[in-house]
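Chain by chain, the residues:
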Amino acid sequence: MRSPYRIPLLLTVVSMTLALSGQADQNWFFGWHAGIDFNGAQPLATNGAMNVAMGSATISDASGELLFYSDGIKVWNRSHEVMPNGAGLLGEEYVTQAALIVGQPGHCGIFYLFTSANAPSTDALRYSVIDMSLDNGLGDVVAGMKNVLLANPMGEKLTALRHGNGVAAWVFSRALLGDAFYAYLLTEQGLDTIPVISHVGQNTFLGCDAGFLKVSHDGTELFHLGPGCQIAEIFDVDAAVGMLSGAQDLFMQYDLPNVLISMEFSPNGQFLYFTQYIPFDSTSVIQIDRATGIRTILDADFDYQGHGDLRLGPDGRIYVAHQIEGFVDVIEYPDLPGAACGFTPAGFALQVPLVSYQGLPNNVLPYTMLTLDLGNDTTFSCATEPFHLFVPTTINGSFSWQDGSTGPTFLVDTSGTYSVEVISLCGSAIDTLLVLSGDDEVDVDPWSGILPNVFTPNNDGENETFPLLPVPMEKMSITINDRWGAPVFRSDDRSLLWNGKKDNATIPCPDGVYFYTGSVQYSNTCRMYDRPIQGVVQLLR
């Protein structure tokens with residue numbers, strides 16, 4: 001519990017902090033209607049509506065349930081139907097990284113779908129926005145936010161990286177010609193269409209359009225592959241500003257052979273895995289140990305159309321696409337060297353008769369998933385103005401407060417325990433706020449109820465009237481009787497007090513003991529008090 005303090009504000013916001021969730025990558029769709037569901041203890045072969053030779057993208061919600069997937073030309077919802085506005089995207093077939101899905105930070109259920117096309121097409125790098133609240137929660141492409149052009153001409157290379165602040169995201173692409181890498185920043189405010197440009201590494205030219213950009217799993221390095229011009233390079237990434245530096249030429253550093261197809265980092269970053277292509281001869285899978293420089297051939301397939309893309313799965317294994325086969329290869333322990341990595345040919349069987357082609361889904365960033373913070377425990381007294389707690393509606397979720405109400409706001413007008421649970425596509429969270437009673441601090445009776453028991457109306461200017469009231473009174477009623485019970489004074493006027501004379505007239509009452517009864521009404525800052533009074537007072541002159 002935090003230290004209590006009094007709240008003078010009329011409005012209090014439920015703030016959001018952000019934590020990462022890996023469930024966004026739990027479903028893959030690729031190849032000829034093939035799919036993998038990673039939600040169970042072991043991956044499960046499944047199926048989808050998409051037939052794609054190369055690149056695709058898939059996104060799931062924070063509980064691992066499918067949201068949608070795309071080949072860069074169409075978008076299918078979780079029911080495997082094309083979204084109402086999901087056809088006619090200007091990506092193209094046979095593109096290595098045809099699509100990339102990135103959730104907008106701070107707007108659960110809003111996704112940016114980036115698409116690339118076969119260079120030098122004029123339909124180069126574009127994006128469309130998908131709102132999961134549309135089409136009764138199945139999602140749809142937002143009208144007016146479809147096929148928005150970002151840059152041209154660009155290569156077929158797309159990947160994403162979390163910003164150094166852990167919230168925003170960088171979207172990287174590669175210019176078709178020259179040495180320029182483009183990084184676009186996606187924040188809570190939307191996409192900044194002015195890229196950060198890094199001029200680094202080798203120049204590319206026509207024929208270098210295909211290839212991959214891949215980010216190391218700790219977010220510190222970016223790999224660039226251009227098979228058409230024998231480029232394989234790794235850069236350091238400054239995730240705070242989106243800049244690349246420190247190019248490493250992997251062909252020179254590790255004497256890589258022939259044409260490379262794709263690449264993947266091991267989880268710990270020590271090992272690089274490549275698929276290699278020898279034209280009209282064979283393909284193979286290679287591991288490079290960056291610590292020792294040792295190169296290990298893990299598998300060779302003398303069908304020259306054999307191996308394709310490599311991708312680390314959410315289960316920690318690397319999957320290898322295999323052209324026109326009903327399986328994908330699996331690297332069981334990618335953080336181990338050589339044969340210990342457990343390369344398993346045909347390690348995962350797809351649903352019959354579905355097949356893999358060359359591509360696997362693009363990488364997916366973990367959600368920036370909200371956790372709730374209702375703020376500090378506090379006190380509420382009669383001196384506190386009522387205030388509202390509210391949950392930002394941008395999370396696109398359902399709300400449940402402690403009393404069962406479901407609105408995004410809740411009025412706090414008394415002490416108690418307040419809690420809210422939010423369930424959304426980005427996850428669920430709950431927080432509790434304890435509002436302590438401030439009455440002990442503020443609601444204190446300002447009068448003990450004791451009146452003086454002697455007064456001296458002797459014209460000396462002191463103690464001349466009775467009762468001497470210690471606090472201002474709203475009302476007063478008093479009757480004073482002598483010892484035989486005869487009334488000597490009565491007043492219902494809080495300003496009219498007894499001066500020691502009969503009915504406050506001219507005849508002085510004798511010294512002695514008198515009895516009084518009545519009531520008074522007074523207040524503090526919190527409430528009104530009604531108190532009976534009775535007792536004796538001695539008149540002395």
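Everything numeric in this text was worked out from a predicted model, so none of it was measured.

Caption draft 1: Representation of the overall build of the protein. Tallying secondary structure elements over the protein gives 2 helices and 41 strands in all. For the protein, the residues scored as buried account for 51% of the 541 residues in total. If you take every contact in the protein between residues at least 6 apart in sequence, the share linking residues at least 24 apart comes to 54%. As displayed, the protein has an accessible area near 22,800 Å², and 53% of this comes from carbon and sulfur atoms.

Caption draft 2: Fine view of the sheet that holds strand S5 (residues 44-51). Ordered by their spatial adjacency, 3 strands build an open sheet running S3-S4-S5, and the pairing between neighbours is antiparallel. The strands lining the two open edges of the sheet, one partner per strand, are strand S3 (27-30) and S5. With direction set aside, neighbouring strand axes in the sheet form an average angle of 25 degrees.

Caption draft 3: Quick look at the nonpolar core. Counting 23 residues, the largest nonpolar core has Val 102, Tyr 112, Phe 114, Tyr 184 and Leu 191 as its most contacted members. When contributions to this core are tallied by element, the ones reaching two or more residues are strand S9 (99-103), strand S10 (110-115), strand S11 (125-131), strand S13 (148-151), strand S14 (154-162), strand S15 (169-175) and strand S16 (178-187). No other element matches the 4 residues that S16 contributes to this core. For Leu 191, the contacting residues outside a window of four places in its chain are Tyr 112, Phe 114, Tyr 127, Leu 150, Tyr 184, Leu 185 and Leu 186. Met 473, Ile 480, Cys 509 and Tyr 516 belong to the second-largest nonpolar core, a separate cluster that totals 21 residues.

Caption draft 4: Local environment of the pairing of strand S41 (residues 528-539). As paired elements, strand S37 (residues 454-455) and S41 share 2 bridges and run parallel to each other. Within the sheet, the bridge partner assigned to Phe 455 lies in S41 and is Leu 539. Direction of pairing for strand S40 (residues 512-523) relative to S41: antiparallel, over a ladder of 12 bridges. Residue pairing across strands places Ser 519 opposite Pro 532, the latter belonging to S41.

Caption draft 5: Here's a closer look at the state of the cysteines. The full count for this structure, using the stated rule, is 1 disulfide. The disulfide partner of Cys 208 is Cys 229, and the gap between their sulfur atoms is 2.0 Å. Note that Cys 208 is positioned in the loop between strand S17 (190-204) and strand S18 (212-215) and Cys 229 in the loop between strand S19 (221-226) and strand S20 (231-238), a separation of 21 residues in sequence. For the pair Cys 208 and Cys 229, one class covers both residues: buried.

Caption draft 6: Here's a closer look at the sheet that holds strand S28 (residues 327-331). Here 4 strands make up an open sheet; going across it, the order is S26-S27-S28-S29 and the pairing antiparallel. Both outer strands of the open sheet, strand S26 (307-312) and strand S29 (343-349), are each paired with one neighbouring strand and no more. Across the sheet, the axes of successive neighbouring strands diverge by a mean angle of 30 degrees, strand direction being ignored. Alignment of S28 against S29, held across 4 bridges, turns out to be antiparallel. By the bridge assignment for S29, Val 328 is matched with Phe 348.

Caption draft 7: Representation of the pairing of S15. Burial analysis of S15 places 7 of its 7 residues in the buried class, which makes it a mostly covered element. Two elements, S14 and S15, share 6 bridges in a ladder whose sense is antiparallel. Note on S15: the bridge partner recorded for Arg 162 is Ala 169. Counted along the chain from S14 to the antiparallel partner S15, the turn is 6 residues long, and its residue Gly 166 has a positive phi close to 80 degrees.

Caption draft 8: Up close: the pattern of salt bridges. Taken as a whole and assessed by the stated rule, the structure comprises 6 salt bridges. For Arg 311, the salt bridge goes to Asp 25, with nearest N and O atoms at 2.9 Å. Taken together, the positions of Arg 311 in strand S26 and Asp 25 in the loop between strand S2 (15-21) and S3 put the pair 286 residues apart, joining distant regions of the chain. According to the relative accessible area criterion, Asp 25 is buried, its value standing at 10%. Linking Arg 317 and Glu 332 is a salt bridge whose minimum nitrogen-to-oxygen distance equals 2.9 Å.

Caption draft 9: Region of the structure containing the confidence of the model for the protein. In the predicted model, the protein carries a mean pLDDT of 87, and 89% of its residues have values of at least 70. Low pLDDT, under 50, characterises residues 1-21; the predicted model gives this stretch 77 contacts beyond four residues in sequence or across chains.

Caption draft 10: The arrangement of the packing of aromatic side chains in detail. Per the counting criterion, the structure on display carries 20 aromatic pairs. Judged by centre distance (5.6 Å) and plane angle (75 degrees), the ring pair of Trp 28 and Tyr 319 falls under edge-to-face. On the criterion of sequence distance, the pair formed by Trp 28 in strand S3 and Tyr 319 in strand S27 (residues 318-322) is long-range, its members being 291 residues apart. Judged by its relative accessible area of 0%, Trp 28 falls in the buried class. Three or more aromatic residues joined by ring pairs form one cluster here, namely Phe 455, Phe 466, Trp 498, Tyr 514 and Tyr 516. Lying over the aromatic face of Phe 181, Arg 174 brings its terminal NZ or CZ to 4.6 Å of the ring centre. Lying over the aromatic face of Phe 212, Lys 214 brings its terminal NZ or CZ to 5.2 Å of the ring centre.

About the cut-offs
Residues numbered from 1 in each chain as written. Predicted model: local features only at pLDDT ≥ 70, side-chain atom pairs only at ≥ 80, totals over all residues. Heavy atoms only, no water. Helix = DSSP H or I, 4+ residues; strand = E, 2+ residues; numbered from the N terminus. Buried < 20%, exposed > 50% of the residue type's maximum accessible area, 1.4 Å probe, protein only. Contact = heavy atoms within 4.5 Å. Areas by Shrake-Rupley, 256 points an atom, 1.4 Å probe, with all protein chains shown as cover. Pairing = 2+ DSSP bridges. Axes fitted to C-alpha atoms, helices over the stretch in contact; angles between N-to-C directions. Core = buried A, V, L, I, M, F, W, Y, C linked by side-chain atoms within 4.5 Å. Disulfide = S-S within 2.5 Å. Salt bridge = Lys/Arg side-chain N within 4 Å of Asp/Glu carboxyl O. pLDDT = per-residue confidence, 0-100. Phe/Tyr/Trp six-rings, centres within 6.5 Å; stacked < 30°, edge-to-face > 60°. Lys NZ or Arg CZ within 6 Å of the ring centre and 35° of its normal.

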